[in-house]
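A look at the structure
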Amino acid sequence: KPVFFDDVNLDDPDLLFDEFPILKSMEAAKRYFAEAKDKRFILGVGSPEERYKLFHKFLGLGAMPYTLIASDSNIGSYDMHIDDGVVISTSCDISNSVKIWRGSFLNVKTVIGHDCTIGEFCSISPSVTIAGHIDIGRFTNIGTGAILYPKIKIGENVSIAAGSVVRKSVPDNVIVNGNPAKIIGKKKEFDIIHQI
């Protein structure tokens with residue numbers, strides 16, 4: 001029977017859908033994983049930084065990341081690599097020669113063309129289209145309905161606003177928005193060494 005972890009909404013009921021227990025602290029998670037026969041975990045949180053932190057906290061408790069691919073998603077069969085702890089939601093369409101690194105989350109109706117790389121702990125919102133030959137850096141967050149043109153590189157720790165059309169490469173640590181997408185702000189560099 002699955003359990004859920006939520007240490008943010010502490011006033012919510014202790015059961016999800018009146019059936020599934022909710023662990024509300026890391027101490028509760030520690031006790032759970034110490035006793036559980038099945039130590040696998042799946043991350044459903046969207047923020048790349050929060051995904052990274054929880055991933056490593058759960059690893060520290062002896063838990064094992066589980067890759068979940070929805071049965072109705074169409075996944076290529078040639079030259080593919082889908083790493084540990086990746087979640088591919090329903091109705092995704094992923095071509096061949098695609099690499100998706102650990103901890104990334106692809107929400108419903110994501111489309112990824114051939115010869116793409118999705119870095120670690122990326123979060124891709126619903127109905128995003130990523131054309132072929134695109135490299136996306138770690139900790140990048142792509143908003144709902146964004147379109148990325150082929151043969152570009154997206155840096156690390158980038159936020160792409162919902163509905164944006166990205167026609168050219170984007171550097172690290174920026175926020176882009178619009179059609180065509182333009183840099184509208186900078187982000188603080190995500191120092192992964194000090195986050196866990």
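Everything that follows concerns the structure shown earlier in this document.
In short, a report on the structure. In this text, all values refer to a predicted model and were calculated from it rather than measured experimentally.

Basis of the calculations
Residues numbered from 1 in each chain as written. Predicted model: local features only at pLDDT ≥ 70, side-chain atom pairs only at ≥ 80, totals over all residues. Heavy atoms only, no water. 1 Å grid on protein atoms, 1.4 Å probe; cavity = no way out; pocket = protein on both sides within 12 Å on 5 of 7 lines; lining within 4 Å. Points joined across faces, edges and corners; volume = space filled by probe spheres on them. Helix = DSSP H or I, 4+ residues; strand = E, 2+ residues; numbered from the N terminus. Phe/Tyr/Trp six-rings, centres within 6.5 Å; stacked < 30°, edge-to-face > 60°. Buried < 20%, exposed > 50% of the residue type's maximum accessible area, 1.4 Å probe, protein only. Polar contact = N/O pair within 3.5 Å; in protein donor to acceptor, adjacent residues only side chain to side chain. Contact = heavy atoms within 4.5 Å. Pairing = 2+ DSSP bridges. Patch = residues over 30% accessible without salt bridge, like charges linked within 9 Å, V, L, I, M, F, W, Y side chains within 5 Å. Areas by Shrake-Rupley, 256 points an atom, 1.4 Å probe, with all protein chains shown as cover. Salt bridge = Lys/Arg side-chain N within 4 Å of Asp/Glu carboxyl O. Arc of directions from axis to C-beta.

Below, the discussion takes up the layout of surface pockets. Which parts of space are left empty comes out when a probe the size of a water molecule is rolled across the atoms. In this structure, the largest pocket encloses a volume near 940 Å³. If you trace the largest pocket, you find 30 residues lining it, with Val3, Phe4, Phe5, Ile42 and Phe58 closest to the centre. Looking at the lining of the largest pocket, the elements that each hand over two or more residues are strand S1 (4-5), strand S2 (15-16), strand S3 (20-23), helix H1 (26-35), strand S4 (40-41) and helix H2 (48-60). With five residues, the single largest contributor to the lining of the largest pocket is H2.

A separate point is the packing of aromatic side chains. Scanning the entire structure with this criterion turns up ten aromatic pairs. Taking the centre distance of 5.3 Å and the plane angle of 85° together, the rings of Phe5 and Phe58 count as edge-to-face. Here Phe58 lies in helix H2 and Phe5 lies in strand S1, a separation of 53 residues in the sequence. With relative accessibility at 22%, the residue Phe5 sits in the partly exposed group. Given the relative accessible area of 5%, Phe58 is considered buried. Among the aromatic residues, ring-to-ring pairing joins Phe5, Tyr32, Phe33, Phe41, Tyr52, Phe55, Phe58, Phe121 and Phe139 into one connected group.

Position of Ser104 among the secondary structure elements: in the loop between strand S11 (98-100) and strand S12 (105-106). A polar atom in the side chain of Ser104 sits 2.7 Å from the backbone oxygen of Gly119. Leaving out residues up to four positions away in the same chain, Ser104 has contacts with Arg51, Gly85, Val86, Val87, Ile118, Gly119, Glu120, Phe121 and Cys122.

A few words on the pairing of strand S23 (residues 174-178). Bridge count for strand S21 (residues 159-160) against S23 is two bridges, and the pairing is parallel. When the bridges of S23 are listed, Ser159 appears paired with Ile175. Relative to strand S24 (residues 181-186), S23 runs antiparallel, the two sharing five bridges. What sits directly across from Val176, in S24, is Ile183. Linking two consecutive strands that pair antiparallel, namely S23 and S24, is a turn of two residues.

This paragraph deals with unusual backbone geometry. Omega for the peptide link from Asn179 to Pro180 comes to 0°, which places this bond in the cis form. Despite not being glycine, Asn173 shows a phi value in the positive range, around 60°.

A surface patch of nonpolar side chains, about 240 Å² in accessible area, is lined by Ile42, Tyr66 and Leu68. Turning to its location among the elements, Leu68 is positioned in strand S6 (residues 68-69). You can call Leu68 partly exposed: its relative accessible area is 36%.

So, on to the sheet that holds strand S8 (residues 81-82). Spatial ordering of the open sheet is given by S8-S11-S14-S17-S20, a layout of five strands whose pairing is parallel. The sheet is open, and its two borders are formed by S8 and strand S20 (153-154), each paired with just one other strand. In this sheet, strand S14 (residues 116-118) lies alongside S11 in parallel orientation, the contact comprising three bridges. Across the sheet, the residue bridging to Ile100 is Ile118, located in S14.

Below, the discussion takes up H1. The α-helix advances 3.6 residues per turn, and as a result positions three or four apart in sequence lie on the same side. Where H1 is concerned, the buried positions are Ala28, Ala29 and Phe33. The arc that holds every buried residue of H1, seen down its axis, measures 125°, which confines them to one face. Turned more than 90 degrees off the buried face of H1, the exposed positions are Ala34 and Glu35. Packed against the buried residues of H1 are S1, S3, S4 and H2.

Purely geometric numbers; function is a separate question.
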